[in-house]
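# Examination of the molecular architecture
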Amino acid sequence: MLTKWIFFGYDKQALIKNARFPICVLPSADDVYHRCASDMLEVIIENNAHGEPTVLVLPLGPEGQYPLFATEVNARRISLSDVYFILMDAYIENGKDLPYSHTRSARRRADELIFNRIDPALAPSTEHVLHMRADDVGFVNRRLAELGKIDLCVAGIGINGHIGFNEQVDATPEEYLAQAHSRILALSTETRLITAINCYHGALAEVPRFGITIGLAEMMRAKKIRVYCFRDWHNACIKRAACDKPSGRFPATLLQLHADVVLYCHEAIVKPIRFQI
């Protein structure tokens with residue numbers, strides 16, 4: 001096998017051995033979603049027990065964990081009254097947030113996947129659900145400063161290594177993190193193309209060209225970062241994120257610099273990648 005990066009050829013054992021942060025390989029994609037829901041619940045339950053607020057930074061991709069989370073909240077009667085849910089990124093068009101009527105509106109997706117499914121007696125107040133705003137890019141950062149912490153940042157990995165909408169830049173880790181604060185930015189062709197395939201039935205022209213994101217620099221301040229991968233194409237992304245040198249050219253590699261990051265994936269997507277036989 002010939003490849004630019006030898007780690008693409010790693011099997012599960014070699015990946016776990018050579019990864020620069022812990023990787024947990026679960027049997028199936030469903031197990032990955034359940035693990036994510038459990039991790040969110042665990043932090044909330046612990047903080048509730050100590051009378052402390054919980055601050056979660058969440059993506060809207062992956063999404064499969066959220067209905068599971070809502071089901072468990074209702075079944076176990078877990079109060080979310082002191083939980084802050086921060087949506088890490090969103091699409092924008094013409095310099096404005098997508099309208100709530102748009103199927104990819106971050107606010108709408110969060111309501112459909114999480115909040116509309118939760119018993120109102122347990123649900124957080126609307127003031128505790130924070131989303132990025134095109135008209136006030138610094139809004140979430142100010143609220144994070146007031147809250148003073150992020151207990152858990154949940155993340156996926158984009159095909160080009162983005163976390164949130166923190167796109168690739170040819171920069172050292174120090175240079176990248178120095179500029180990777182909350183911002184509006186043009187989305188890469190790769191990001192838009194994979195979104196068209198996964199969410200727009202191939203209609204690339206309909207995918208917004210701009211997004212707004214919490215900076216990776218802000219995410220790196222979380223006490224814990226947990227990454228969840230489940231798609232076939234995540235195979236190469238996982239291996240590069242965990243085994244390549246940290247660089248702005250693949251932002252997920254910068255997670256190696258965090259003190260408490262774990263990546264969860266499933267058996268089917270950590271097989272060796274072979275380009276030649």
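Here the structure is a predicted model, which is why all the values come from computation and not from measurement.

Cut-offs used in this document
Residues numbered from 1 in each chain as written. Predicted model: local features only at pLDDT ≥ 70, side-chain atom pairs only at ≥ 80, totals over all residues. Heavy atoms only, no water. Helix = DSSP H or I, 4+ residues; strand = E, 2+ residues; numbered from the N terminus. Contact = heavy atoms within 4.5 Å. Pairing = 2+ DSSP bridges. Axes fitted to C-alpha atoms, helices over the stretch in contact; angles between N-to-C directions. Phe/Tyr/Trp six-rings, centres within 6.5 Å; stacked < 30°, edge-to-face > 60°. Buried < 20%, exposed > 50% of the residue type's maximum accessible area, 1.4 Å probe, protein only. Lys NZ or Arg CZ within 6 Å of the ring centre and 35° of its normal. Right-handed = clockwise from strand over helix to strand, strands pointing away.

### Notes on the environment of Ala123
With respect to the secondary-structure elements, Ala123 resides in the loop between α4 (106-113) and β6 (129-131). In sequence terms Ala123 and Ala259 are 136 residues apart; their C-alpha atoms lie 31 Å from each other. Every residue in contact with Ala123, bar those within four places of it in the chain, is listed here: Leu80, Ser81 and Ile118.

### Side note on the sheet that holds strand β7 (residues 152-155)
An order of β1-β11-β10-β7-β2-β3-β6 is seen for the 7 strands of this open sheet, with the pairing classed as parallel. Each having just a single partner strand, β1 (23-26) and β6 make up the two edges of the open sheet. Mean inter-strand twist for the sheet, computed between neighbouring axes without regard to direction, equals 20°. Pairing geometry for strand β10 (residues 224-228) and strand β11 (residues 261-266), over 4 bridges, is parallel. Along β11, the bridge assignment pairs Tyr228 with Tyr264.

### Some words on the packing of aromatic side chains
Inspection of every chain in the model, using the stated rule, returns 6 aromatic pairs. Between Phe7 and Phe8 the ring centres are 5.3 Å apart and the planes differ by 85°, which places this aromatic pair in the edge-to-face class. Considered together, Phe7 and Phe8 belong to a single accessibility category, that of buried residues. Aromatic rings pair up to connect Phe69, Phe85 and Phe115 into one cluster. Positioned above the aromatic ring of Phe139 is the side chain of Arg133, whose terminal nitrogen or guanidinium carbon lies 4.7 Å from the ring centre.

### With respect to the pairing of β10
A regular strand places its side chains so that they alternate between the two faces of the sheet. Burial of β10 is extensive: 4 of the 5 residues sit out of reach of the surface. Strand direction decides the pairing type here: β7 and β10, joined by 4 bridges, are parallel. Looking at β10, one finds that Ala155 is bridged to Val227. Crossover connection from β10 via helix α9 (residues 234-243) to parallel β11: handedness right-handed.

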